[in-house]
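Observations on chain architecture
Residue-level listing of the chains:
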Amino acid sequence: MRHKHGTTRAHVAVLLAALVLAGDVLPPARGGGFNYKDALTKTIMFLEAQRSGKLPPNNRIKWRGDSGMEDGKLANTDLTGGYYDAGDNVKYGLPLAFTVTTLAWTALAFQPELQAAGELENVYAAIRWGTDYLMKCASKKNKLWVQVGDPNLDHQCWVRPENMKAPRTVLEINEKTPGSEIAAETAAALAASSMAFRKKDKIYSRNLLNKAKLLYEFAKTHQGTFDGECPFYCSYSGFNDELLWAATWLFLATKRTVYADFLTKEAISSSVAEFSWDLKYPGAQVLLSELNMTNSGGAQTYKTQADNFVCAVLPDTAFHQVFITPGGVIHLRDGANSQYVTSTAFLFIVYSDILLRTGQSVLCGAQPVPPARLREFARQQMDYLLGANPQGRSYVVGFGVNPPTQPHHRGASTPVLPPGYDVNCGMSFNDWFNPDRPNPNELTGAIMGGPDKADNFVDKRSNSSCTEPCTYINSLAIGPLAALAIRGANFVATH
């Protein structure tokens, strides 16, 4: 979507670009002064609130308990563990795997910052909670369990996962019912995680990598789109981006020629303005940007395509495509729009680090854009979520000024009930969803779906497009928050 900015904003953008182009120095932060370390800690805690299975003794979310303890039983397998994606009680394979991939990338790209903030072990635990589950899902060759829970039945009862009653049906992909998107994303998650655990647990790392190789071959050999997670997680972009993404992580993890050959001779890549659970092209392009590789089309290097992503997002380039709200945040679509805010911030910071390390800048046509501009935009996006927005409020539960109190989330909005309590599903919405009151349990660190394109936000759990959190919003916020918390005034990596 193309948006024409007002004259005043255009003048400000040109002036800012001129100042930034003079050197790799950030302008003073506007609306900053946030406790980024506190935001970082709480953002990780939200992922712990999304855990399914038997919770560990060090569980920090005291209102959560064990749940989904018979997951997989209907298929005579163990599928306990993993994450609920958002405010319901279903485990969806595609967004879950993307959450893990981005957590692993965070651990790799921001390890010193996470270590300094005292959060590295918590991130490793978050990754492993996901990879342990994904390894169960991939326990048999050329088969992958990709969903636990029936969303249609689940949505008929407003109940916390500890007391859910709906059958825990399971979905799988296999040679006859392929799902290249989910198989390749799971391969990417395991390959990236193998790199994250390489020095921490060599045997576990090797097991993850071996499984990633098999899943990649499965995705590549048995190509097809799996529609079983529609209409909740439909892959609108197809599977070419996931194949590129998986091959990228496997190449980085192994340096094997077979993956390099795919990246340069077979892979399909495209310049887009979105990085999300459905669209991985910019992530792979940023990862490959310093390797001087050209995709199979031969017209553009991955570095050029990474530049194109930046140019499409930044409002002060001639190539911008992404709508920017009056308050200054990117808005791609209603419903979990914050995922695009955190994913863009994440990629901009990672890419800025690569550009600084290699002595390069972004090229938007003939206009060079230095790494400082990427960092400044990333900080602006994160600060918006933390409170530097027209509403003057935080969009992170339990953090900052006037944070949300009604996340669209079953566990947080339902009181703690005894195990085995028989919930009346017919009354559950009247009892716990409809009342206009704060949730009884604080969903600490949950980043809301966010405001609409006019910066309006309604803190009501019934307004799910504004108030529903998602694991992949938070997984991509951890790295930027770690950088903001630990790096100096110029937001530059010292490692």
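Residues numbered from 1 in each chain as written. Predicted model: local features only at pLDDT ≥ 70, side-chain atom pairs only at ≥ 80, totals over all residues. Heavy atoms only, no water.

**Things to note about the state of the cysteines**
All chains considered together, the criterion is met by three disulfides. Paired through a disulfide, Cys 157 and Cys 425 show a sulfur-sulfur distance of 2.1 Å. Taking the torsion about the S-S bond as the criterion, the Cys 157 to Cys 425 disulfide, at about -85°, is left-handed. On the criterion of sequence distance, the pair formed by Cys 157 in the loop between helix 6 (151-154) and strand 3 (170-174) and Cys 425 in helix 16 (residues 425-433) is long-range, its members being 268 residues apart. Bridging Cys 311 to Cys 364, the disulfide has an S-S length of 2.0 Å. Residues Cys 311 and Cys 364 are joined through a disulfide that is left-handed, its torsion about the S-S bond being -95°. Of the two residues, Cys 311 sits in helix 12 (residues 302-313) while Cys 364 sits in strand 4 (residues 362-364), which places them 53 residues apart along the sequence. In this structure, Cys 311 and Cys 364 share a single accessibility class: buried. Sequence-ordered numbering of the bonded cysteines in the chain gives a pairing of 1-6, 2-3, 4-5. Cys 466 takes part in no disulfide bond, and the closest cysteine sulfur, belonging to Cys 470, lies 13 Å away. (Disulfide = S-S within 2.5 Å. Helix = DSSP H or I, 4+ residues; strand = E, 2+ residues; numbered from the N terminus. Buried < 20%, exposed > 50% of the residue type's maximum accessible area, 1.4 Å probe, protein only.)

**Description of the packing of aromatic side chains**
Enumeration according to the criterion identifies 24 aromatic pairs in this entry. Look at Phe 197 and Tyr 204: their rings are 5.5 Å apart centre to centre, the planes differ by 80°, and that puts the pair in the edge-to-face class. Tyr 204 matches Phe 197 in its accessibility class, with the two residues each being buried. One aromatic cluster in this structure is built from Phe 98, Trp 105, Phe 110, Trp 245, Trp 249, Phe 275 and Phe 346. (Phe/Tyr/Trp six-rings, centres within 6.5 Å; stacked < 30°, edge-to-face > 60°.)

**Some words on the nonpolar core**
In this structure, Trp 105, Ile 127 and Trp 249 are the most contacted members of the largest nonpolar core, which totals 151 residues. What Trp 249 contacts, discounting residues up to four positions off in sequence, is Thr 101, Trp 105, Leu 108, Ala 188, Ala 191, Ala 192, Met 195 and Leu 287. Counting residues in hydrophobic clusters, the runner-up holds nine residues, among them Tyr 84, Trp 158, Val 159 and Leu 417. (Core = buried A, V, L, I, M, F, W, Y, C linked by side-chain atoms within 4.5 Å. Contact = heavy atoms within 4.5 Å.)

**A short note on the sheet that holds strand 2 (residues 143-148)**
Across the sheet, which stays open at both edges, the three strands sit in the order 1-2-3 with antiparallel pairing between neighbours. The open sheet has two edge strands with one neighbour each: strand 1 (91-92) and strand 3. Taken together, the two bridges between strand 1 and strand 2 define a ladder with antiparallel strand orientation. What sits directly across from Tyr 92, in strand 2, is Gln 147. (Pairing = 2+ DSSP bridges.)

**Some points on the packing of helix 14 (residues 371-386) against helix 19 (residues 478-486)**
Interhelical geometry of helix 14 versus helix 19 gives an angle of 100° and a closest axis separation of 11 Å. Comparing the axis directions of helix 14 and helix 19 gives the class roughly perpendicular. In this structure, helix 14 uses Arg 379, Met 382 and Leu 386 to contact helix 19, whose residues at the interface are Pro 480, Leu 481 and Leu 484. (Axes fitted to C-alpha atoms, helices over the stretch in contact; angles between N-to-C directions. Parallel < 35°, antiparallel > 145°, perpendicular 65-115°, else oblique.)

**Structural notes on the packing of helix 3 (residues 93-109) against helix 13 (residues 338-358)**
When two helices pack together, their arrangement is given by the angle between the helix axes and the distance between those axes. Running from N to C, helix 3 and helix 13 point in directions that differ by 35°, and their axes come no closer than 12 Å. Where helix 3 crosses over helix 13, the handedness of that crossing is left-handed. Side by side, helix 3 and helix 13 meet where Trp 105, Thr 106 and Ala 109 of the first sit next to Phe 346, Leu 347 and Val 350 of the second. For the contact of helix 3 with helix 13, the per-class residue count stands at five nonpolar, one polar and no charged. (Left-handed = near helix turned anticlockwise from the far one by under 90°. Nonpolar A, V, L, I, M, F, W, Y, C, P; charged D, E, K, R; others polar.)

Function cannot be read off these values alone, since they describe shape.
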